[in-house]
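# Observations on the model geometry
The lines below spell out each chain.
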Amino acid sequence: MQIGFIVVLIIAIFVAIFSIQNGDLVSLDLFLARVDMPLAVIIMVCIIIGAVLVLALGTTRQFKKRSESKELKNKIKTLENDKMLVDKTVNDLQQEIQTLTEKNNELLSKISELEEKTKTQKETIEIFSNEIKALKNELESKIDSDTINESVGTELNDEKSEAESE
């Protein structure tokens, strides 16, 4: 800001010196009117008109920049809000992933426990099955021996009855 002020001050000094050196009357034709004025006044009027035009154009540009700046700030706010929502969603999803991972680990441990129980039950069933087969074989052999004894006993009884009847 100070540099701009210094530059404007230097230019103003050069214009003042130029005006003082050129103080003669000059005829100025403006469309239908003819005016006699000092050259310094004409130069100053032209400089003032130029400054007003530059100021108007600069102000217009400044308003455009301000509106663009406001739009960009609004976009930044919107994007920051979106980012916060996305961050919250990501955190929620990470917590859900963690919860699901813990549940998965629990289920895997239950599965392994059930597999162990199943294995133990299969072994127990196999042991009982072998015992049942052994008992069945033993029972069958006992039944066979009892059948043989009964048939032998029946034959003996038949022989005794025959012997007594004789």
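My aim in this report is to walk through the structure given alongside it, one point at a time.

Rules used throughout
In this numbering scheme, every chain counts its residues from 1 along its sequence in written order. For this predicted model, a pLDDT threshold of at least 70 governs which residues receive local features, and a threshold of 80 or more governs which side-chain atom pairs are given and counted, while totals over whole chains, interfaces and linings are taken from all residues. Water and hydrogen atoms were dropped before computing side-chain values, which therefore reflect all heavy atoms in the structure. Only DSSP runs of H or I covering at least 4 residues are called helices, and only runs of E covering at least 2 are called strands; the numbering of each starts at the N terminus. In this scheme, a residue with accessible area under 20% of its type's maximum is buried, one over 50% is exposed, and one in between is partly exposed, where area comes from a 1.4 Å probe on protein chains only. Values of accessible area rely on a 1.4 Å probe in the Shrake-Rupley scheme; residue burial ignores everything except the protein chains shown. Nonpolar side chains (Val, Leu, Ile, Met, Phe, Trp, Tyr) within 5 Å and like charges within 9 Å form the patches, drawn only from residues with over 30% relative accessible area and no salt bridge. Put simply, a salt bridge is a Lys or Arg side-chain nitrogen that is within 4 Å of an Asp or Glu carboxyl oxygen. Lys and Arg are tallied as positive, Asp and Glu as negative. Neither His nor the chain termini are counted. Where a charge sits is defined by one atom per residue type, namely NZ (Lys), CZ (Arg), CG (Asp) or CD (Glu). A pair of strands is considered paired only if DSSP assigns at least 2 bridges between the two. Working rule for contacts: check all heavy atoms of both residues, and any pair within 4.5 Å makes them a contact.

Glancing now at the overall build of the chain. A count of helical and extended segments in the chain gives two helices and two strands. Reading the chain from its N terminus to its C terminus gives the helix and strand order α-β-β-α. Within the chain, buried positions represent 3% of all 166 residues. Of the accessible surface of the chain, which amounts to about 15,400 Å², a share of 63% is contributed by carbon and sulfur atoms.

Taken together, the side chains of Glu115, Glu116, Glu123 and Glu126 present a region of like negative charge at the surface. In this structure, Glu126 sits in helix H2 (residues 39-165).

For the rest of this paragraph, the subject is the pattern of salt bridges. One pass over the structure, following the stated rule, counts two salt bridges. Close ionic contact of Lys83 with Asp87 constitutes a salt bridge, the shortest N to O distance being 3.2 Å. In this pair, Lys83 and Asp87 both sit in helix H2, four residues apart, roughly one turn of the helix.

With six bridges joining them, strand S1 (residues 25-30) and strand S2 (residues 33-38) adopt antiparallel strand pairing. Across the sheet, the residue bridging to Asp29 is Arg34, located in S2. Between S1 and S2, which pair antiparallel and follow one another directly, the connecting turn spans two residues, one of which, Phe31, has a positive phi of 50 degrees.

Turning our attention to a positive patch on the surface. There is a patch of like positive charges on the surface, built from Arg66, Lys70, Lys73 and Lys77. Positionally, Arg66 belongs in helix H2.

What follows is about a nonpolar patch on the surface. Taken together, the side chains of Phe5, Ile6, Leu9, Ile10, Ile13, Phe14 and Ile17 define a hydrophobic patch exposed on the protein surface, amounting to about 720 Å² of accessible area. Turning to its location among the elements, Ile17 is positioned in helix H1 (residues 2-21). Ile17 sits in the partly exposed class, given a relative accessible area of 42%.

Bringing unusual backbone geometry into the picture now. The phi dihedral of Phe31 falls on the positive side, at around 50 degrees, and the residue is not glycine. Within the secondary structure, Phe31 sits in the loop between S1 and S2. In this structure Phe31 comes out as exposed when scored by relative accessible area, which is 85%.

Bringing the environment of Leu28 into the picture now. Its location among the elements puts Leu28 in strand S1. As for Leu28 and Pro38, which are separated by ten residues in sequence, their C-alpha atoms are 9.7 Å apart. Once you skip the residues sitting within four places of it in the chain, Leu28 turns out to touch Ala33, Arg34, Val35 and Ile42.

From the geometry alone we can't say anything about function, so treat these as descriptive.
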